[in-house]
Amino acid sequence: MSALNIPIIPSLSRDPHSILDMDMELATKWLIAFLRDELIRRRGFSKAVIGLSGGVDSALSTALCSLALGPENVYTVRMPYKTSSQDSLDHAEACARHFGVHMDTVEITDAVDGYLAFAPEADGRRRGNVMARMRMIVLFDQSERYKALPIGTGNKTERLFGYYTWHADDAPAVNPLGDLFKTQVWKLSEHLGVPDEIVEKAPSADLVVGQTDEADLGISYELADMILAHILAGYDRSRIISLGFSAHDVDLVWKRLNSTHWKRHTPTSAMLSATSINDYYLRPVDF
């Protein structure tokens with residue numbers, strides 16, 4: 001059994017839904033200890049800064065950091081663009097107020113539009129990527145302002161699907177949610193008291209009006225997570241289908257997983273020596 005009570009290779013006789021079960025109290029303790037170890041012991045930071053979008057992922061990161069560091073040491077930043085929904089802003093404020101953390105608001109419209117003036121032909125995807133990367137510029141600058149480490153908010157499902165903006169959402173070096181599937185994020189958020197209006201709303205990157213994650217992906221998070229969990233447990237395509245999943249859904253998940261592997265790698269360097277970083281030069285971290 002792993003730390004989160006998820007078996008490495010579940011039995012074929014198990015209920016497919018149960019592969020995502022976890023011990024909420026143990027998960028909470030584990031993630032609090034992780035944050036304290038990574039921020040305080042390893043990196044020498046006592047404060048965290050988080051981009052608070054109004055969604056459940058950033059809300060959960062905020063909740064965990066407030067428990068690990070104390071709410072007085074957590075700085076959240078709302079970074080709306082002119083098309084951002086008012087609900088997102090309201091939910092972010094409600095989250096910050098609920099957990100007692102600091103909150104600033106930095107409007108990114110002028111900065112984003114200043115660049116896009118040179119790219120009037122940019123479609124929605126390009127514009128969304130510019131917004132996401134601009135938010136990371138703000139987040140890292142705010143981290144210098146407060147001497148706080150930026151904390152990631154991307155979940156495991158998004159990472160496996162490559163459903164994030166490269167060198168934006170994935171930029172923070174510490175991410176407490178990186179090994180939690182989206183459905184586990186929802187369950188842990190409920191456990192830690194994230195406001196219901198945040199947990200229950202349809203997930204959206206809020207980059208384009210009316211956009212939702214599940215419409216983009218073509219599959220629900222609940223279904224995708226179960227298939228992904230079985231793939232990672234070592235099940236092949238035919239065994240997963242035999243559990244009752246449709247071939248269409250299994251193939252969709254396999255395709256997204258395999259086509260985005262490159263996004264989960266550090267930059268690929270041309271090796272010219274025997275000390276190429278991350279190829280041969282691997283510094284041990286546990287000493």
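Undergrad: Got a minute to help me understand the overall build of the chain in this structure?
TA: Secondary structure summary: the chain contains 12 helices and four strands in total. Scaling as 2.2 N^0.38, a compact globule of 287 residues should have a C-alpha radius of gyration of about 19 Å, and the chain matches this with 20 Å. In terms of overall dimensions, the chain has C-alpha extents of about 55 × 55 × 50 Å along its principal axes. Counting all 287 residues of the chain, 48% fall into the buried class. Put simply, of all contacts in the chain between residues at least 6 apart along the chain, 72% involve residues at least 24 apart.

Undergrad: Any chance you could explain the pairing of strand β1 (residues 48–51) here in plain terms?
TA: With burial as the criterion, each face of β1 is covered, one bearing Ala48 and Ile50 and the other bearing Val49 and Gly51. Both β1 and strand β2 (residues 74–78) contribute to a ladder of four bridges, which runs parallel. Note that in β2 the partner of Val49 across the bridge is Tyr75. In the classification by handedness, the crossover that spans β1, the intervening helix α2 (residues 56–69) and the parallel β2 is right-handed. Here β1 pairs with strand β4 (residues 149–150) via two bridges, running parallel. Looking at the pairing, Ala48 lines up with Leu149 of β4.

Undergrad: Even after reading the chapter, I still don't get the sheet that holds β1, so can you show me in this structure?
TA: Across a sheet, strands are paired by hydrogen bonds formed along the backbone, either parallel or antiparallel in direction. Taken together, the four strands give an open sheet; going across it, the order is β3-β2-β1-β4, and neighbouring strands pair in parallel fashion. Strand pairing shows two members of the sheet lacking a second neighbour, β3 (102–105) and β4, which therefore form its edges. In this fold helix α3 (residues 86–99) packs onto β2 and β3, with an angle of close to 170° to the strand it touches most, β2.

Undergrad: Even after reading the chapter, I still don't get the packing of helix α10 (residues 221–232) against helix α12 (residues 247–259), so can you show me in this structure?
TA: Axis angle and axis distance: for two packed helices, these are the angle between their axes and the distance between the axes, and together they describe the pair. Interhelical geometry of α10 versus α12 gives an angle of 70° and a closest axis separation of 10 Å. With respect to their mutual orientation, α10 and α12 come out roughly perpendicular. Regarding α10 and α12, the two cross each other, and that crossing is right-handed. On the side of α10, the interface is formed by Leu223, Ala224, Ile227, Leu228 and Ile231, while α12 contributes Asp249, Val250, Val253, Trp254 and Leu257.

Undergrad: How do you make sense of the pairing of β3 when you look at a structure like this?
TA: Within a regular beta strand, the side chains point alternately toward one face of the sheet and then the other, so they alternate between its two faces. Alignment of β2 against β3, held across four bridges, turns out to be parallel. The residue bridging Val77 from the neighbouring strand is Asp104, located in β3. Where the polypeptide runs from β2 across α3 and back to β3, its parallel neighbour, the crossover connection is right-handed.

Undergrad: Just to check I follow, could you spell out the environment of Ile198 for this structure?
TA: If you trace the backbone, Ile198 turns up in helix α8 (residues 196–199). With 108 residues separating them along the chain, Ile198 and Asp90 place their C-alpha atoms 10.0 Å apart. In this view, Ile198 contacts Gly54, Gly55, Val56, Ala59, His91 and Cys95; residues no more than four positions away in its chain are not counted.

Undergrad: Please explain α10 as it appears in this structure.
TA: Because an α-helix completes one turn every 3.6 residues, residues spaced three or four positions apart along the sequence face the same direction. With 12 residues, α10 ought to run about 16 Å at 1.5 Å a step, and its terminal C-alpha atoms sit 16 Å apart, in line with that. Among the 12 residues of α10, nine are classified as buried, and the element is accordingly described as predominantly covered. Residues of α10 that are buried sit in contact with α6 (156–161), α7 (182–191), α9 (213–217), α11 (237–242) and α12. Downstream of α10 by a residue or two, Gly234 has a phi angle that is positive, lying close to 105°.

Undergrad: Explain the side chain of Glu38 to me, please; I cannot follow it from the model alone.
TA: Inspection of the secondary structure puts Glu38 in helix α1 (residues 24–42). Reaching out from Glu38, the side chain makes a polar contact with the side chain of Arg42 at a distance of 3.4 Å.

Undergrad: Sorry, what's going on with the pattern of salt bridges here?
TA: Opposite charge on two side chains makes pairing possible when the charged atoms of those side chains draw close. Applying the stated criterion to the full structure yields 13 salt bridges. The residue Arg42 makes a salt bridge to Asp37 at a minimum N-O spacing of 2.9 Å. Overall, Arg42 belongs to the partly exposed group, its relative accessible area being 32%. Through salt bridges that share partners, Asp37, Glu38, Arg41, Arg42 and Arg43 make up one connected network.

Undergrad: Is there a simple way to think about the side chain of Lys156 in this case?
TA: For Lys156, the location among the structural elements is in helix α6. According to the relative accessible area criterion, Lys156 is buried, its value standing at 17%. Looking at Lys156, its side chain comes within polar contact range of the side chain of Asp179, at 2.8 Å. When residues no more than four places from it in sequence are discounted, the contact partners of Lys156 are Leu177, Gly178, Asp179, Leu180, Phe181 and Leu232.

Undergrad: Can you help me understand unusual backbone geometry in this one?
TA: The phi torsion at Lys147 lies on the positive side, around 55°, for a residue other than glycine. Residue placement: Lys147 occurs in the loop between α5 (124–146) and β4. Residue His167 is not a glycine yet carries a positive backbone phi of 60°. Examined against the element boundaries, His167 turns out to sit in the loop between α6 and α7. Judged by its relative accessible area of 48%, His167 falls in the partly exposed class.

Thresholds, definitions, all that
- Along each chain, the written sequence defines residue order, and numbers are assigned to residues from 1.
- Local features in this predicted model are restricted to residues whose pLDDT is 70 or higher, and side-chain atom pairs enter the listing and the counts only when it is 80 or higher, whereas totals over whole chains, interfaces and linings include all residues.
- Side-chain measures were taken over the full set of non-hydrogen atoms in the model, leaving aside hydrogen atoms and water.
- Secondary structure elements follow DSSP: runs of H or I of four or more residues count as helices, runs of E of two or more count as strands, with numbering from the N terminus.
- Taken over C-alpha atoms, the radius of gyration is set against a globule rule of 2.2 Å times the number of residues to the power 0.38.
- Type-normalised accessible area, obtained with a 1.4 Å probe on protein chains alone, sets the label of each residue: buried when under 20%, exposed when over 50%, and partly exposed for intermediate values.
- We call two residues contacting when some pair of their heavy atoms lies within 4.5 Å.
- Paired strands, in this sense, are two strands between which DSSP finds at least two bridges.
- If the strands point away from the viewer and the path from the first strand over the helix to the second runs clockwise, then the crossover is right-handed.
- Only the stretch in contact is used when fitting a helix axis, every axis being a line fitted to C-alpha atoms; angles between N-to-C directions are given from 0 to 180 degrees.
- We call two directions roughly parallel when the angle between them is under 35 degrees, roughly antiparallel when it is over 145, roughly perpendicular when it lies between 65 and 115, and oblique otherwise.
- For a crossing to be left-handed, the near helix must be turned anticlockwise from the far one by less than a right angle; the clockwise case is right-handed.
- For a helix, the expected span equals 1.5 Å multiplied by the residue count minus one.
- The definition of a polar contact used here is a pair of N or O atoms within 3.5 Å, where within protein one atom must be able to donate a hydrogen and the other to accept one, and adjacent residues in sequence count solely through side-chain atom pairs.
- Just to be clear on terms, a salt bridge is a Lys or Arg side-chain nitrogen sitting within 4 Å of an Asp or Glu carboxyl oxygen.

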